[in-house]
Amino acid sequence: MSAKFKSKRETFQISQNSDVLPSDTQNIFLKTKFLVELMHKLNSAKNENQLLNLTADYGFKIFDVDGMAVFSPDKDKKFLEAKILQAKEKDKDRLVNAQKLVLFKKMKLESRYSVAKAFISKEVVTVQKTLSPSLKRLGIKTVVALPMIVNSESIGVLSLGFGRKSDPNESDLRTGEMLATHLATRIKNLALISSLKNQNKWLETVQENIRVGLSLIGPDDVIYYTNKMVGKLFGTTGNLLGVKRDDVIKNWNKLHRFKVDRFFERSELRKSVYERHEPFLGGLMKVYSKPPRFIEANYYPVLQDSSFLGMAASYRDVTKEKRQEIELEEQVQILQTEKERFEAIVRNVEEGICLIDSNLRILYMNNACENTSGWSLQEAKGEYYYKV
C-alpha cells in the first residue's frame, strides 16, 4: 500500500512511533515530549526541592549537557549559592569533585563568573575561552548561564555545562530561556503561597487566642467567619458559618446555650453600618450564663474603594467594668439617701446647728440656726461664722 492510500489511523500510528522518524526529527520530537512532561510536572510540584530535582532529571533529556546547576542568591544578595548540582551518570566522580569546590557552594555576585554576570545583567551569558580552571578540570568546555526572571527581577540562574566547545543552537537557547522563566515563576509562586500560608496561620493563631470575639458578616447578612471566643462568650452550640445573622437571632435559643438581652436597637445598628457606613459602638448585651455576664459589641463597616463589603463585629466581656459601674451607682444612691436622711434630721431638730469649714466659713445651717441668727442659709453660706 502506497503512502497516499494509508488510512488516517495508520498515519496517526506512524506519527506516534518516533522510531520511524528521521534522527533529527526524532530528537526534536523527544525533546519536545520531555519538555512538555517537565512543564506539567513543574506545575504540580509542591515545593522548591521538587522543582529543582525535576529540572535536573529532565534537563539531561532535553539538553545534551554534561552537567547542570541552579543558583539562587542568599538573603543579603551578596552571594550566589548552588541549590542543586547534577552530572550525567558517567560523570558522577566529576560531580563529587565539583561539590567540593567553593565555587559551587558560594560565589560573589560581583565576581566575573558567567552565573554572576547572567544574574546581574538579566541576559543569557555563554562562556568558552574564559572558563575557570576548576570547570575545565571537570571536563566542561562551554557554559550557558540562563537568568531566572520574574517581573523583571532575577531570582536565580539555570546553568548548563557542555563537554563540547561549540555554541548551543538557537533551539536549545530558546528552550533554556523558556525553562528558566517557567522555573522562576513556579519558585516565586510557591514562595508566595508559603508566605501566605504562614501569614494566615499566624493570623488564625492570633484570632483564636485573643480574648475578644470576632466575626465577619457579608453584605448579604451571611456570617463568613467567627473565632472561638464568640462561641465561648455566647455559648454557641451550632455552626453559624453560612447562616444569615437575622436567622441566628430569630433562632437564638436553638443555636446557643445562653439567652441574651440586647440593650440597643438592631434597626439603628443596620442604619449606621449598612446604610451610613459608620461604626456602631458600645452596644451592650447581657448573657444569662452562670454567672451572668455583660458583653460590649462594636460593629464596623468593611469598605474597599468606597464599596461596602460587609460588617466586622467585635465582642468584649465587660462584666467586671459593668459590675463596678453598678456597685458605684449603688454606693452613690446609698450616699444620697444618707445625705437626705441626715438633712431631714438636722433640719427639724430644735437646737441650732451650724457647720463650718477649716477657714471658719459657714457650710450649713439648719432651720433653728437660721431663725436664731436671722440669716438664711443662702445668705450665710460662705460667710465667716463670727460675722453671722
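Residues numbered from 1 in each chain as written. Predicted model: local features only at pLDDT ≥ 70, side-chain atom pairs only at ≥ 80, totals over all residues. Heavy atoms only, no water.

1. A look at the sheet that holds strand S9 (residues 260-262)
In space, the six strands of this open sheet follow the order S8-S7-S12-S11-S10-S9, with antiparallel pairing throughout. Every interior strand has two partners, whereas the edge strands, strand S8 (223-226) and S9, have only one. Taken over all neighbouring pairs, the strand axes of this sheet differ in orientation by 25° on average, direction set aside. Inspection of the sheet shows strand S10 (residues 280-287) paired to strand S11 (residues 293-304) by six bridges, in the antiparallel sense. Considered in S11, the bridge of lysine 286 is made with phenylalanine 294. Sitting on the sheet, helix H12 (residues 266-275) is in contact with strand S7 (213-217), S10, S11 and strand S12 (307-317), with an inclination near 135° to S12. (Pairing = 2+ DSSP bridges. Helix = DSSP H or I, 4+ residues; strand = E, 2+ residues; numbered from the N terminus. Axes fitted to C-alpha atoms, helices over the stretch in contact; angles between N-to-C directions. Contact = heavy atoms within 4.5 Å.)

2. Topic: the confidence of the model for the protein chain
With 88% of its residues at a pLDDT of at least 70, the protein chain reaches an overall mean of 84. Low confidence marks residues 1-21, where pLDDT is under 50. Its contacts with residues over four positions away, or in another chain, come to 12 contacts. (pLDDT = per-residue confidence, 0-100.)

3. Topic: the packing of aromatic side chains
What characterises a pair of aromatic rings is the spacing of the ring centres plus the angle enclosed by the ring planes. Enumeration over the complete set of coordinates arrives at 10 aromatic pairs. Among the aromatic residues, those joined into a cluster by ring pairs are Phe234, Trp252, Phe264, Phe280, Tyr299 and Tyr315. It is arginine 262 that lies over the ring of tryptophan 252; its NZ or CZ is 4.8 Å from the centre. Positioned over the ring face of tyrosine 384 is arginine 361, at 4.1 Å from the centre of the ring. (Phe/Tyr/Trp six-rings, centres within 6.5 Å; stacked < 30°, edge-to-face > 60°. Lys NZ or Arg CZ within 6 Å of the ring centre and 35° of its normal.)

4. A look at the environment of valine 212
Considering the arrangement of structural elements, one finds valine 212 in the loop between helix H8 (170-209) and S7. Given the relative accessible area of 25%, valine 212 is considered partly exposed. Note: C-alpha distance between valine 212 and lysine 228 (16 residues apart in sequence) is 9.3 Å. Excluding anything up to four places from it in sequence, valine 212 contacts Asn227, Met229, Ser314 and Tyr315. (Buried < 20%, exposed > 50% of the residue type's maximum accessible area, 1.4 Å probe, protein only.)

5. With respect to the pairing of strand S2 (residues 79-87)
Direction of pairing for strand S1 (residues 67-73) relative to S2: antiparallel, over a ladder of seven bridges. Considered in S2, the bridge of alanine 69 is made with leucine 85. Between S1 and S2, which pair antiparallel and follow one another directly, the connecting turn spans five residues, one of which, lysine 77, has a positive phi of 55°. Summarising the sheet, S2 and strand S3 (residues 107-108) pair through two bridges and their orientation is antiparallel. Residue pairing in the sheet places leucine 80 in a bridge with methionine 107 of S3.

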